[in-house]
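Examining the three-dimensional arrangement
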Amino acid sequence: MNTGSSNLTKLRARIENINSLPTIPAVLERLLGVIDNPRISLSEISDFIANDPALTTRVLRMVNSPVYGFPGRISSVSQAVVLLGVNVVKGLLLGVSVFDLMQKSMVGLWEHSLGCAVVARLIAKEKGVKEPEEVSVAGLIHDLGKVILYLQIPDRYERAMELAERNKISIAQAEQDCFDTTHAQVGSWIAAKWNFPTALIEPISYHHRPQLSKGATLTTAIVHVADLIIRARGFGFAGDRGLPLINPVAWDLVGLSEDSLRMVISEMEPLLLDTEELTL
Amino acid sequence: MKLAKPVTNKGGAVMLAEDTELTVALIDKMRGMDIQGAFVQGLSGPAAPKDEMLSGLEDRFAGVSNEPRLAVLKRIMRDHLEGLYEHG
């Protein structure tokens, strides 16, 4: 189905107006006010989380999980925000807030996202990236566009998932056929609208075409490789059965030797087992 | 990481209860205790049978078999998955 460029413009307007969607959970609606604000301070974001017991629990469970590098060591929201920084916490808040939506939209997408976050952090550490948590958050929300598309037009997204399964094509190709766009494009619209930093926008936009990244080249390449590794492991479900195409330049930029790749995969395994217990 | 079963000493006395969260400090303490070993949750082995796990790997790589970098990833992942069954 080709909806044409005017329909694509309408879809974009609809996506960017997601705040008014009746199916948006209340917590996410309030959260969008926080995410939208580029000048929010550490204390304001701490207060916002601390005033919501359910959100506090989710954030603390997540920051103490294997997705991040502080297992069992963070006991308060303010400590988490100081350690992780506003940008990471914004992404993290979005990740934990769309957890329910991920579970509803695609069984296995949450596990895929967590797994990608774990692997992205391990690679970032291996490559000596200064803020591996930021790379981890990029892995956690790289498929945000799938949730947004499902949330906006669930019937059509279900058709796209059936199409991917029946024709053994990638979910991105099925989305293109059904929506005339993909989750990566939709994710980029929403991430830009929510004033996400480049280090989050570009992995969301370009995790299947990392060669297009200009401002967060290494982070985007790491998320591309992490996505491949977690799919290769068969952990979670990203909407299709096969591996996506590899971008050789991104793979070479990440530059994992065989020994490093073996180490990342070996370290990943117990962390994946731990994430299986991470229901928020 | 949590205990899957209570840890007992040679006399059968429970030293640590099931579901106890294992920390580095606790593991260090356990070294000094009169215990034989411990069962840990989630590390007993993969959920799927080995054949199923390996055929899933083949399926996932079926469309990308000509890409040399992915051939390396597949070989390493296969070794890794096979290794999961060696210590079960």
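Each value, and the rule that gives it
- Residues numbered from 1 in each chain as written.
- Chains lettered and ligands numbered in written order.
- Predicted model: local features only at pLDDT ≥ 70, side-chain atom pairs only at ≥ 80, totals over all residues.
- Helix = DSSP H or I, 4+ residues; strand = E, 2+ residues; numbered from the N terminus.
- Buried ≥ 20, exposed ≤ 12 C-beta atoms within 10 Å, placed from the backbone.
- Contact = placed C-beta atoms within 7 Å.
- Nonpolar A, V, L, I, M, F, W, Y, C, P; charged D, E, K, R; others polar.
- Core = buried A, V, L, I, M, F, W, Y, C linked by C-beta atoms within 7 Å.
- Arc of directions from axis to C-beta.
- pLDDT = per-residue confidence, 0-100.
- Axes fitted to C-alpha atoms, helices over the stretch in contact; angles between N-to-C directions.
- Parallel < 35°, antiparallel > 145°, perpendicular 65-115°, else oblique.
- Left-handed = near helix turned anticlockwise from the far one by under 90°.

**Describing the overall build of chain B**
When helices and strands are tallied, chain B shows three helices and two strands. Ordering the α and β elements of chain B from the N terminus gives β-β-α-α-α. Split into buried and exposed, the 88 residues of chain B put 8% on the buried side.

**Observations regarding the interface of chain B and chain A**
At the interface, 21 residues of chain B touch 22 residues of chain A. Going through the elements one at a time, α2 (50-61) and α3 (68-84) of chain B are the ones with two or more residues in the side of chain B that touches chain A. Partitioned by chemical class, the residues of the side of chain B that touches chain A number 11 nonpolar, five polar and five charged.

**Here's the deal with the nonpolar core**
Ranked by internal contacts, the top residues of the largest apolar core, which has 99 residues, are Val59(A), Val119(A), Ala120(A), Ile123(A), Ile222(A), Val225(A) and Ala226(A). Filtering out sequence-adjacent residues up to four positions away, Ile123(A) remains in contact with Ile222(A), Val225(A), Ala226(A), Val254(A), Leu256(A) and Val264(A).

**Looking at helix α3 (residues 42-50) of chain A**
When α3(A) is considered as a whole, its buried residues turn out to be Ile45(A), Ser46(A) and Ile49(A). For α3(A), the buried positions fall inside an angular range of 105° around the axis, keeping them on one side.

**What to know about helix α12 (residues 183-193) of chain A**
Residues and elements named next belong to chain A. With nine of 11 residues buried, α12 is to be regarded as a mostly interior element. The set of residues buried in α12 consists of His183, Ala184, Gln185, Val186, Gly187, Ser188, Trp189, Ile190 and Ala191. Trailing α12 by a residue or two, Asn195 shows a phi angle of about 55°, which is positive.

**Focus: the confidence of the model for chain B**
Residue and element names in this part refer to chain B. Of all residues in chain B, 75% have pLDDT values of 70 or greater, and the mean over the chain is 79. Here strand β1 (residues 7-8) stands out as the least confident element of chain B, with mean pLDDT 70; α3 is the most confident, with 95. In the predicted assembly, ipTM is 0.83 and pTM is 0.80.

**Section: the environment of Gly95(A)**
All names here are of chain A. Within the secondary structure, Gly95 is located in helix α5 (residues 77-97). Taking the C-beta count within 10 Å as the criterion, Gly95 has 25 such neighbours and is therefore assigned buried. Residues Gly95 and Arg30 lie 65 residues apart in sequence; the distance between their C-alpha atoms is 14 Å. Ignoring anything within four residues of it in the chain, the contact list for Gly95 reads Val137, Leu140 and Ile141.

**Description of the packing of α5(A) against helix α8 (residues 132-140) of chain A**
Residue and element names in this part refer to chain A. Put simply, α5 and α8 touch, their axes get as near as 9 Å, and they point 20° apart. It follows from the interaxial angle that α5 and α8 lie roughly parallel. For the crossing formed where α5 meets α8, the hand is left-handed. Packed against α5, whose contacting residues are Leu84, Asn87, Val88, Gly91, Leu92 and Gly95, the element α8 presents Glu133, Glu134, Val137 and Leu140 at the interface. Classifying every residue of the contact of α5 with α8 gives five nonpolar, three polar and two charged.

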